[in-house]
Structure formats: structure tokens, C-alpha cells
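# Residue-level structural notes
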Amino acid sequence: MGTGSKSSHQSYAVSPTALAEAPAAPLDITGAPAAAEAADLAGAAVGPAGDPAFEVPELPEPLVESAPPAELPAGDDPLAELDTLVGTEPEPEPEPAVSAAPPEEETAEASAEAEGVAAEGELQSGGEEPSAEEAVLLQAEDIEEVQEEEEEEETDPPLTPVPAAPPVGEPTGTPILVGGDDFINSEATLVAYDSSDGPREVLLTHISEEAEEKLLDALSIPGTHMEEIQVEEEVKERLDLDKQKKLAELTKTAISSVQHKLKTGSEMSEASIAKHQAAYDAVADVLHNPSISDDEKAMALHYLHQLNVVKDKIDNGGAPMPWMDAYEVTSTKMVTKQIPVPDGDPEPGTLAATVRKASRIKANLDPATGQTSWDGVTRSSANGTEYEIDMGDGWKAVYRPYKDNDPANTEFSLRGQLEVHAPAGAGHGKDLVERLEQLHLMNKPMTAAEGEWTYLANNIRAQGLEGSAGMKGAMETAQGLQDLQVQEIVHQRMESLMGLDSDALQTAMKRIHLEASHKVLPMKVEVVRDAVAKASGFASGAELAASPGYEPTPSTGGKWLTWSRFDVTGKKAEVQGAFKGRSLTHNLNGGDLASLLGTGVLASTEKRAVMGIGGGLGMSEQSDKMTGGANSVFLRVKKTPSSPGGGRLIWDDPSVLMQRSDYYAYNGDHYGAINPAHHNYNAGAITRDPMKIAKFSGSSNEIMFRNGIDLLGAEAPSRIVCHTAAERNSILASLTSRGITQLGGKPVEDVLCTEADY
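Thresholds applied
- Residues numbered from 1 in each chain as written.
- Predicted model: local features only at pLDDT ≥ 70, side-chain atom pairs only at ≥ 80, totals over all residues.
- Heavy atoms only, no water.
- Helix = DSSP H or I, 4+ residues; strand = E, 2+ residues; numbered from the N terminus.
- Buried < 20%, exposed > 50% of the residue type's maximum accessible area, 1.4 Å probe, protein only.
- Contact = heavy atoms within 4.5 Å.
- Areas by Shrake-Rupley, 256 points an atom, 1.4 Å probe, with all protein chains shown as cover.
- Expected span 1.5 Å × (residues − 1).
- Pairing = 2+ DSSP bridges.
- Axes fitted to C-alpha atoms, helices over the stretch in contact; angles between N-to-C directions.
- Polar contact = N/O pair within 3.5 Å; in protein donor to acceptor, adjacent residues only side chain to side chain.

As a further point, take the overall build of the protein chain. Broken down by element type, the protein chain carries 23 helices and 23 strands. Put simply, the protein chain has 758 residues, and 47% of those count as buried. Contacts in the protein chain between residues far apart in sequence, at least 24 positions, make up 76% of those at least 6 positions apart. Total accessible area on the protein chain stands at roughly 35,900 Å², and carbon and sulfur atoms take up 50% of it.

Although it is not a glycine, Ser186 adopts a positive phi angle of roughly 60°. In this structure, Ser186 sits in strand S2 (residues 183-193). One non-glycine residue, Asp393, lies in positive phi territory at about 60°. Of note, Asp393 is situated in the loop between strand S10 (379-392) and strand S11 (395-399). Given the relative accessible area of 69%, Asp393 is considered exposed.

On to helix H8 (residues 294-316). Across its 23 residues, H8 extends 33 Å between first and last C-alpha, which sits within 8% of the 33 Å expected from 1.5 Å per residue. Residues of H8 that are buried include every one of Met299, Ala300, Tyr303, Leu304, Gln306, Leu307, Val310, Lys313 and Ile314, and no others. Backbone geometry just downstream of H8 places Gly317 in the positive-phi region, at approximately 70°.

As summarised here, the arrangement of the 7 strands in space is S17-S18-S15-S13-S16-S20-S23, forming an open sheet in which the pairing is mixed. Every interior strand has two partners, whereas the edge strands, strand S17 (664-666) and strand S23 (752-754), have only one. The average angle at which neighbouring strand axes cross in this sheet is 30°, direction not considered. In this sheet, S23 lies alongside strand S20 (residues 719-722) in parallel orientation, the contact comprising 3 bridges. The residue of S23 that forms the bridge with Ile720 is Leu752. The strands touched by helix H22 (residues 725-737) are S20 and S23; relative to S23, the strand with the most contacts, the crossing angle is about 170°.

On the secondary structure map, Arg565 appears in the loop between helix H14 (541-546) and helix H15 (566-569). In terms of polar contacts, Arg565 uses its side chain to reach the side chain of Tyr663, at 3.3 Å. Excluding residues within four positions of it along the chain, Arg565 makes contact with Asn459, Ala462, Gln463, Met658, Gln659, Arg660, Ser661, Tyr663, Arg688 and Pro690.

As C-alpha cells, this is what we get:
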């Protein structure tokens, strides 16, 4: 990206419309997977030494395109570039398949459709014939549009449908899930801030560090766009005669051989003497040539002097010799250098970005109405760097990069945060997601099949299964399946791809990667599910999928989206037993309980900022931003309180929250540190094991839950302790007026209590 070249980022799967054929029915993500024959993946199915092998499902037949191949321009060789993109040598072209002639009705329909497309193309292009490259891309787009219409009913429905217009003023916005691995936990939120100019619709998300390079590849950032210039520069270099006769090499070989003997006190060997003689003869041969220049003579004498020192050491021994350099001369030459262009125009196909001091949306939450507003401009300052990105047509994005925010001295919690802003007005919900494509990020709502992949990935991390036997092999097999699918599609479409220029070829390859990812996902899930099952004590992936605790879809009923972990949901009684007599608690520390329940969420510092809730509510907000703890809310494990003070949230059944897969904990106060560069971080002290957390004894222990906790949904606390009866009555009236009569399956009256009740 620094050179403006795309050559190092060509294989990224940007998510335009998928070309993949959808399954005839949604993938069964709860039952046993269908049996599949093993496929030979050139050894990819066999893990490292000691790891069990995995059965690799058979790949589907590659999609055969009906498009005639574009002609190869004379003198061009895009095949070499294509091989670079794929990373493998092309296989021999397969024999064309012989297919039965289509029925007359289908042929007629196809002809009519083709004529319609052609007529439309003529109207749009003014009668000009498209180039071969344009024809291929146009045809691919036509195929995609047809497939989109045909597959609309068949494709896995989104786990979280994207609203056309998020509810205006809702502080927590609308949580959604985006397919792929580009976003942490695949989460994003659509917020519509109220403003005098109409709704300000924004997509808020947190991209993974691994996805950043893709995003940066989409940008032209001032100071990183490079141009080549010719400049005069003094250079030091060896003479051509020296390089030709290898005088420096021969002399250094002689020196090194003798130097070794001097350092060890060994006798000079015949080999050392022979090396000196070979160097001496080569130098003498140059000196005896009467046609050498003055510089060449000085060079030869330089080496002769060094060799005389070597000869003295051979004859007399002594201390090791000082280091001897090759002979170099200084000259002025024209050299090509790359220099940054601060204000250059964006590279073709990229978005202009401006580097500025980091900031956050400065929204305002009206305590009377519970509505959040923002004028689309006002921002609060932050400690770090961000990019403001012009996406065109009134759209923009703000991104806080990992690479430009040093964990040692910037706010760790803001790294990777992305905002996408629509023009003022309502109805941009789906466009906000689709616009992620401009940033080379996945831009489709997550489906059930993709959800199971994310569920497995979260469980691997939460349960610490990364190093389990067979897990590495399974991940390699999964990646191998996808790579092989890419190669199959590429080889099938080789001729049409060869007709594309570099930019068009990259676009086509990105689409192929996405298509391969979609087509092979069920097989990847099957392989990894089996490995996770064996690592966690199940006989097979089918047995794991059929177990009561296996829930490969997130909880989507409340303000947050959370993924569960089957080692807790499947063993709830064991977890409850481990926490017997202990509870999870949160103390508001003087905060307003009524306001908290008015928003309905216990939100992290970072979430509160974009909701419009002012600062100063947390115990250590600024420190938490540096440690990374600001992306989470903090709870503590305590002996179940019999006389709790007011302003407390208590979960007497910790399994309600411990089934989440996004928490981590310390048995002490570390400010929720996940920043390796911060002094409070301790990798050895972090745990995600609920059984270890249940035994925490430190009075300042802490459990961090990402984003926050939905206080009015399934994660509601079992007790909300008010300071006074008046406060309880006020909160009870507010909840009743909003139609909230139960919290966590209990009547609100039983959950709300006061200090005086104990």
C-alpha cells in the first residue's frame, strides 16, 4: 500500500454480489452433517506429526461458465499475472463437457433475455461495442443479477436482517451480524441519530487486525502514495574490474582463514596458505597489466597491502588482524527513488483519505426522552490517529488504524474502530452495509452457515482449544479446501480471465475468492466442527452438533448480540455448582440506577460514548481506554451478599452470563488490560475458564464482558437493589409504562428490591 501498488494485496476477497450457487435448502446447523466422501487434498487433510487426519468432504463440481472466452490480445501474457494471483501453475485445460441441447422454450427465453440485455446495453453505451474486457465483466454482472433473483428464496436467510431505516434516536441502535471474518465477533451496529437535518445514519463496527491490510489497500493516504523520481546522488561502489576478478572476495577469504587460526592459536594450514596465494596471484596479475587506470591501480595496491599483512601473520603469527574493507570509489549517478506525495490525487480505484487526530462521535442522550441525537459534525478528541475517508456521493468513513496507533502511548480500545456515515436522511440501512465493499470488507449479512463458523471460532478461543491435538491440522485443511476451490474456479475460467487487464483481473479474482469462500464454507465447518468435538471430549462433530448445549446462532433478542459457549450451555448444572454461594455483581458507584434502566443496558465506556452518555461514570475510564478495558463492562465475583447496598446489580445465577463466549477475567485489578504494551497486562493471569473464575478470591477480581449486558432481556440480573422505596417505585412505574413486566423470567416486582429489604 505504501507504494500505491496492489500487487501485494491481490487475493483479498472483497464482497460484491456472490457468484456461488446457493444450496437447495438452508444448512442444517443443529443436526448431524451429511456424510461426504474423503477427497485427496494433496496431503492437506493430514495434520502435523501426531495430529489425527481429517476426512475432507468432496468438493463440488466447479461452476461452468457459458460465456465465450475473450480473445487474448497479441503480445500480452496475463497468464503469468494470473498464476501469481492464484499461487499455482495452471493445469492443462480440461476437455469441454458435452451437454444436451436445451429445450426450445428455454432457448427462446434465453434468446429473448439476451436480446433485451443487448438492447439495454446499446441504449446505455450510445451504440458503441463494449471491449472484450467490458463484455466479460458485464456478462458476469448479468449472471450475478439473475442468480441473485433465483437464489433469493433459496439462500440461507440472514441471522440478523438489515433494516432499511434504523429506529431514529435509539441509543443502542440496531445490532447486526456481517458475514466473514473481517469484524470482531462479526458484529456491527446501525445507529440513526436524530438531528435538525434529518436522521444521521451510521454503521459502527470494529474490524479485526487481520482485515486491516485489506481496508488500507482501498485507500490513498497522504504521505503513503509514492512516486518515482530521478535524482543525482553520490554513491560508493566497487570498481567493475574488482567485481570481474573477484579481488575483494579472494582477499576476504584469505583473511578469514588466517584470522581463524590467529584467534584459536592454531598452526597455519596448507589450505590457509593456498587461499592467500590465490588472492595474491589475482592481485599481482592486475598490477602487471600496463593498461589499468589509476583508480584500478590504487584498488589493486589496496588489496596487496592487506595481503602483505596476511603473509606476515602466516609467517610470524600474532594478534588477530583489524577488519579490512573492500576498495570503493565515490561517484555521482542518476538513481531512481520513491518519494511520498503528500497531496497527490488518489490512485485509480482507491478512496482519498485524510490523516487527523483521533476523535469520537459526540452524541447527546436526552434523559427525558431517552433519545440520542448528533448533528453529524461535533466530535470529542481522543489520544490517537484516524483516517477520514471520502467515499463519494456524500458518504464518508472514519477509521482508527492499528498500525498508526502505537499501543504504548495511544488509546488501545479505539484501534480498529470503523464508522461509515450516510448522507443526512433516512433509509440507508442496507446501503451502509453494502458500502463496506468500497473498503474491501465483507458486505453481506451473516447467514446461518457463516454463523456456525463464527460460533466455532469463538468457542475455540473461549475454551482455549487453539493448541489442542488436531486443531492446527483442521484449520490448515479448511484453508486448503478454500484454496483448492479457488484454483478449480480459476482453471475452469482461465480463458476468459486471460482476456482481462490487471485491474479487471484483480476484480475478477476477488469475486472468485468470495465465491469459493461461500461454496466451501459448509465443508470447512464440518472439518473444524469435528476437530472441536474431539478436542472437547465428543466422539465426532455429529455428536457435538446434536448435543443440548450446541447453539450455533447468537442471542439476538435484546440490545446486544452474543455468542454462547457449549462447555457452559451444555453443562449448566456443573457451572452453577461451581458458583454455589457466589454471585456476579456490579456497583454503580453513585450512578443513577433509573437512568441506567432507562437505556436498558450496562454499557462499556466506548459504547456509552457513541450512545451520547457523558463520561465520568466509570471508575477508571481514561486508564481503561489505554488498557483496552474500555470495550467491556466490569463485574466481580463475590460471596452472595445477604445485605447488599443500594445501586447494585446482582446475578445470583452466574451461569446466565458465563455462557457468553466474549469474557475474560483477572483475579485482581488489572483495569481489564488486553494491551500487551501496558504495565497492567498479564497474559499468564488472564483466564476465560468459568470454573477458575468461580474460585476467584481476590477482593478486586474483575470479569470483563465485551460491549455490555442487556439488563432488560435474557441477561437481566436476578436482583436490582435500589437505595430507597421511592427510587424503586419510580423505576417500577417506568418499566411498567414501557410494557416491561418481567426481567430474566421473573416478575419485575421480585427483581427490584431495596436495602431495607435485607
